[in-house]
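# A structural walkthrough
Here's the letter readout for the chains.
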Amino acid sequence: MKIIKQTEGGQNAALNSEDLELIGALARKPLEQEEVYTFSVRLCDNEIDRDFERFTVRTLEQLAPMFVGKAGIFDHQWSARGQAARIYKTEIVREPGRVTGAGDGYCWLKGCAYMVRTDGNRDLIAEIEGGIKKEVSVGCAVERAICSICGCDRTQTDCGHEKGQKYGGQLCWADLEEAKDAYEFSFVAVPAQPAAGVVKTARWGDARSAARLEEEAALGRRCLEQLRGEVVRLALLADRELSVQAMKSLADKLSHQELEELRKSYARRAGERFPLKTQLSYETKSAAFDEENKAFLA
């Protein structure tokens, strides 16, 4: 079961010699304190979420070491070009006195991440510091989703209990148990609200399902690259003065929807500049009789 959950992150993280040592274990060369920027993220917790599912404390403890070394990307786009940060340590944070909707003590999985300071990520660091990049979403996999009413594994059978409904006064939710793997954490769009929301998708199945998902993702990436190429081609047809490199750079930054809108616009402009012509033309008046070719006429 592959899951994606969104929560709040982006708090400052103090940097000490131990942190530099942990970061150095992930880097190809030792890094000095002034070369790195660190921040912490709230990866996931054990509260019942909007989809009436929750990680158990044991699952959080299992996920903690799995997230060490995992990359921070954008909007779950699995591309090396989008890698922005990497988690170098994790810990379970418990908040005494706070109780979850399930009735147990509240805790959450904290990840400490680092970035190498470069001119290219200066704006991203400023956005994290300024609270713009505040929410993160994690991608991971668990084995089971246990119904809180009857205890059945919802990944194996449908028990009939609907999450979010009450049975005999007891709320129904699913406990996410037995962590299998952690994939990444992702910076996502930040809504204008004080508390972080929860966005989660679930995919059911085994390794074959995961392979199929990766195949579909690869197909999607190829389609997106083809769309970018088509936009650049149509743009150059519509306006010969455009720079090829400038258009490629612009296309790389646009979403699928934005590319589609741009493709339609440039296709219309290119069509106006190079209208289609029919191969055959028909005279409205009778053509003059061709004396030289009359022998070929029946």
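Conventions and cut-offs
- Residues numbered from 1 in each chain as written.
- Predicted model: local features only at pLDDT ≥ 70, side-chain atom pairs only at ≥ 80, totals over all residues.
- Heavy atoms only, no water.
- Helix = DSSP H or I, 4+ residues; strand = E, 2+ residues; numbered from the N terminus.
- Buried < 20%, exposed > 50% of the residue type's maximum accessible area, 1.4 Å probe, protein only.
- Polar contact = N/O pair within 3.5 Å; in protein donor to acceptor, adjacent residues only side chain to side chain.
- Contact = heavy atoms within 4.5 Å.
- Pairing = 2+ DSSP bridges.
- Expected span 1.5 Å × (residues − 1).
- Arc of directions from axis to C-beta.
- Phe/Tyr/Trp six-rings, centres within 6.5 Å; stacked < 30°, edge-to-face > 60°.
- Lys NZ or Arg CZ within 6 Å of the ring centre and 35° of its normal.
- Core = buried A, V, L, I, M, F, W, Y, C linked by side-chain atoms within 4.5 Å.
- Disulfide = S-S within 2.5 Å.

## Concerning the side chain of threonine 100
Its location among the elements puts threonine 100 in the loop between strand S5 (85-99) and strand S6 (105-116). Here threonine 100 falls in the buried class, since its relative accessible area comes to 5%. At 2.4 Å, the side chain of threonine 100 forms a polar contact with the side chain of aspartate 104. Residue contacts for threonine 100: discarding those within four places in its chain leaves Asn46, Glu47, Arg54, Gly105 and Tyr106.

## Some remarks on the pairing of strand S10 (residues 174-187)
Of the pairings in the sheet, the one linking strand S3 (residues 53-55) to S10 comprises three bridges and is parallel in character. The residue of S10 that forms the bridge with arginine 54 is aspartate 175.

## Focus: helix H6 (residues 256-273)
Under the 1.5 Å per step criterion, the end-to-end length of H6 is 25 Å for 18 residues, consistent within 8% with the ideal 26 Å. Within the span of H6, buried status applies to Leu259, Tyr266 and Ala270. Down the axis of H6, the smallest arc covering the buried residues is 40°, so these residues share one side. Opposite its buried face, H6 presents the exposed residues Gln257 and Glu272, each directed more than 90 degrees away.

## A word on the environment of glycine 103
Position of glycine 103 among the secondary structure elements: in the loop between S5 and S6. Judged by relative accessible area, which is 56%, glycine 103 ranks as exposed. On a C-alpha basis, the gap between glycine 103 and glutamate 47 in space is 9.5 Å, while along the polypeptide they are 56 residues apart.

## Some points on helix H2 (residues 57-67)
Inspection of H2 places Thr59, Leu60, Gln62, Leu63, Ala64 and Phe67 among the buried residues, and these make up the whole buried set. Here the buried face of H2 lies against strand S2 (36-45), S3, S5, S6, strand S7 (135-147) and S10. Glycine 69, located one to two residues past H2, shows a positive phi value of around 90°.

## What to know about the environment of lysine 253
Structurally, the position occupied by lysine 253 is in helix H5 (residues 244-253). Judged by relative accessible area, which is 63%, lysine 253 ranks as exposed. Separated by 25 residues in sequence, lysine 253 and arginine 228 have C-alpha atoms that sit 9.8 Å apart.

## Structural notes on the packing of aromatic side chains
Applying the stated criterion to the full structure yields two aromatic pairs. We note arginine 42 situated over the ring of tryptophan 108; from NZ or CZ to the ring centre the distance is 3.9 Å. Of note, arginine 98 hangs over the ring of tyrosine 106, and the distance from its end group to the ring centre comes to 3.7 Å.

## A few points about the nonpolar core
Within the largest apolar cluster, 31 residues are counted, with the highest numbers of intra-cluster contacts made by Phe39, Leu43, Leu63, Phe67 and Phe185. Secondary structure elements with two or more residues in this core: S2, H2, S5, S6, helix H3 (122-129), S7 and S10. If one sorts the elements of this core by residue count, S10 sits on top with six residues. Judged by nonpolar contacts, the second largest core, of 13 residues, contains Val232, Ala238, Leu259 and Tyr266.

## Some thoughts on unusual backbone geometry
Notably, phenylalanine 52 is not glycine yet its phi reads approximately 60°, a positive angle. On the secondary structure map, phenylalanine 52 appears in the loop between S2 and S3. With a relative accessible area of 28%, phenylalanine 52 lands in the partly exposed category. Of note in the backbone geometry, glutamate 178 takes a positive phi value of approximately 60° without being a glycine. Tracing the backbone shows glutamate 178 in strand S10. Residue glutamate 178 is classed as partly exposed on the basis of its relative accessible area, which comes to 26%.

## Quick word on the state of the cysteines
Applying the stated criterion to the full structure yields zero disulfides. In this structure cysteine 44 is not part of a disulfide, and its nearest cysteine sulfur, from cysteine 140, lies 6.0 Å away. Residue cysteine 44 is classed as buried on the basis of its relative accessible area of 4%.

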